[in-house]
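Each chain, letter by letter, is given below.
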Amino acid sequence: MAVVMDIWFLALVLGGFVGRSSFGNNLITEDDYYQRFQKILSNEETARKLNENFLGHQTRRLYKRQVNLEDHLDVIIVLDSSSSVSKGEFARAVIALQDLVKKLRNDTNYAAITYATRATTQFNFTNSFQTEKKLLALERSGGKTNTQDALKRCQEMFVGDQYGARQGSLRRILVVTDGQSNINRDETVTRAFQLKLLGIEVFVIAVGEYLEGIQEMVQMASSTNAHMFRVLNMKNLVEVVKLIPNRGQKSWLEESFAGMTSEEDGEDAGPLRGRM
Ligand SMILES: *[C@@H]1O[C@H](CO)[C@@H](O)[C@H](O)[C@H]1NC(C)=O
Ligand SMILES: *[C@@H]1O[C@H](CO)[C@@H](O)[C@H](O)[C@H]1NC(C)=O
């Protein structure tokens with residue numbers, strides 16, 4: 001019993017609240033998060049992972065529905081516009097996102113939300129051609145980091161039919177952020193969990209060398225491997241996206257990795273056990 005109490009205490013101190021079911025079999029502390037996610041993969045490796053997991057229309061096992069190649073993809077781009085992201089970094093993020101849109105299937109629709117002290121819907125779901133243009137108009141607002149408000153908005157936009165999400169589409173959100181939320185922080189992971197319950201995949205691109213609150217970002221993502229990406233800065237993100245092959249093209253990237261499946265992308269690609 002004393003040991004159990006100690007573990008509880010240690011977990012509370014080091015890890016904060018991680019999840020009921022993770023206690024007992026698989027204790028994850030914040031230190032573990034830092035250890036596990038501190039390493040930033042090479043641009044090539046990150047590009048390969050993004051290409052495999054974000055650009056494809058396959059979903060992971062955690063979603064039980066049958067996926068057809070004809071299924072449309074509806075993506076909400078969620079971009080951190082808080083003060084910690086400089087104007088220059090924000091502009092580079094926009095360039096990276098525009099380039100990414102060019103690489104996804106052209107029947108993909110997008111909406112965009114920026115968030116700082118509160119979330120702002122920049123545009124409702126629209127085609128990729130319009131998206132490329134509309135992304136250009138995004139501006140950094142500065143302010144605090146209210147991530148949960150952005151996630152809440154995502155849910156509204158996927159659930160309500162007035163925002164243009166398509167019936168039966170595959171649904172994803174892509175969060176690009178450099179830090180932990182600091183408004184209603186305790187709601188961030190719960191909001192992400194609610195999205196996941198609706199079958200919406202949550203991808204996170206965490207930007208920065210040493211990220212405070214990486215635990216929150218990891219817990220937002222639908223899985224620790226297939227949905228969680230790290231880059232050093234937005235310039236890196238631009239470079240990573242450049243490496244992703246264009247629509248309908250195979251590139252050296254795919255060829256050089258052909259037949260290679262890293263351990264990370266295998267069986268273990270499901271959600272962190274007990275993330276809630
Ligand atoms: C999308 O790409 C396909 C095949 O490359 C092409 O036939 C189609 O016209 C494109 N659609 C749009 C909206 O650009
Ligand atoms: C998105 O759609 C909603 C519902 O139709 C509308 O109220 C809102 O103004 C739209 N937002 C933008 C940015 O176009």
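Just above, that's the structure.
Just so you know, these numbers come straight off a predicted model, no measurement behind them.

Peer 1: What is the right way to read the sheet that holds strand β2 (residues 109-115) from this model?
Peer 2: Hydrogen bonds between backbone atoms are what pair the strands of a sheet, whose relative direction is either parallel or antiparallel. Strands sit in the order β3-β2-β1-β4-β5-β6 across an open sheet of 6 strands; the sheet is mixed. Unpaired on one side and paired on the other, β3 (119-126) and β6 (228-231) mark the two borders of the sheet. Between one strand and the next, the sheet's axes are offset by a mean angle of 15°, whatever the strand orientation. Where strand β4 (residues 170-177) lies against strand β5 (residues 201-207), 6 bridges are found, and the strand directions are parallel. When the sheet's bridge partners are listed, Ile173 is paired in β5 with Val202.

Peer 1: I keep staring at helix α4 (residues 87-103) and nothing clicks. Help me out?
Peer 2: Each α-helix turn comprises 3.6 residues. Residues three or four places apart therefore point the same way. Taking 1.5 Å per residue, 17 residues should reach 24 Å; α4 reaches 25 Å between its end C-alpha atoms and fits that length. Along α4, the positions that sit buried rather than exposed are Phe90, Ala93, Val94, Ala96, Leu97, Leu100, Val101 and Lys103. Residues of α4 that are buried sit in contact with α3 (43-55), β1 (73-80), β2, α5 (128-136), β4 and α9 (234-243).

Peer 1: Looking at this structure, I do not really get the nonpolar core. What am I missing?
Peer 2: Note that soluble globular proteins tend to have their nonpolar side chains buried in a common cluster. Ranked by size, the top nonpolar core spans 64 residues in total, and within it Val78, Cys154, Ile173, Val202, Val204 and Leu237 carry the most contacts. Apart from residues lying up to four places away in sequence, Ile173 is in contact with Ile76, Val78, Cys154, Leu195, Ile200, Val202 and Phe203.

Peer 1: When you look at helix α6 (residues 147-159) in this model, what are you seeing that I'm missing?
Peer 2: Taking 1.5 Å per residue, 13 residues should reach 18 Å; α6 reaches 19 Å between its end C-alpha atoms and fits that length. What α6 keeps buried is the set Thr147, Gln148, Asp149, Ala150, Leu151, Arg153, Cys154, Met157 and Phe158. Of the surrounding secondary structure, the elements contacted by the buried residues of α6 are β1, β2, β3, β4 and α7 (188-197).

Peer 1: Can you walk me through the pairing of β1 in this structure?
Peer 2: Across the 8 residues that make up β1, a large majority, 8, are buried. Along β1, one buried face is formed by Leu73, Val75, Ile77 and Leu79 and the opposite face, lined by Asp74, Ile76, Val78 and Asp80, is buried too. Where β1 and β2 come together, 7 bridges link them in parallel fashion. Its bridge partner lying in β2, Val75 is registered against Tyr110. Taking the sense of rotation as the criterion, the β-α-β connection linking β1, α4 and β2 turns out right-handed.

Peer 1: Where do I start with the site of ligand 2 in this structure?
Peer 2: Every residue lining ligand 2 is accounted for by Thr121, Phe123, Asn124, Gln162 and Tyr163. When the residues that make up the shell around ligand 2 are grouped by side-chain class, the tally is 2 nonpolar, 3 polar and no charged.

Peer 1: Looking at this structure, I do not really get the pairing of β5. What am I missing?
Peer 2: β5 sits mainly inside the fold: 7 of its 7 residues count as buried. Alternating positions in β5 separate into two faces, Glu201, Phe203, Ile205 and Val207 on one and Val202, Val204 and Ala206 on the other, with burial throughout. Of the crossover connections in this fold, the one passing from β4 over α7 to the parallel β5 is right-handed. As defined by bridge partners, β5 adjoins β6 across 4 bridges and the pair is classed as parallel. Along β6, the bridge assignment pairs Ala206 with Arg230. With helix α8 (residues 214-220) bridging β5 and the parallel β6, this β-α-β connection has right-handed handedness.

Conventions we followed
Residues numbered from 1 in each chain as written. Chains lettered and ligands numbered in written order. Predicted model: local features only at pLDDT ≥ 70, side-chain atom pairs only at ≥ 80, totals over all residues. Pairing = 2+ DSSP bridges. Helix = DSSP H or I, 4+ residues; strand = E, 2+ residues; numbered from the N terminus. Axes fitted to C-alpha atoms, helices over the stretch in contact; angles between N-to-C directions. Expected span 1.5 Å × (residues − 1). Buried ≥ 20, exposed ≤ 12 C-beta atoms within 10 Å, placed from the backbone. Contact = placed C-beta atoms within 7 Å. Core = buried A, V, L, I, M, F, W, Y, C linked by C-beta atoms within 7 Å. Right-handed = clockwise from strand over helix to strand, strands pointing away. Near = placed C-beta within 6 Å. Nonpolar A, V, L, I, M, F, W, Y, C, P; charged D, E, K, R; others polar.

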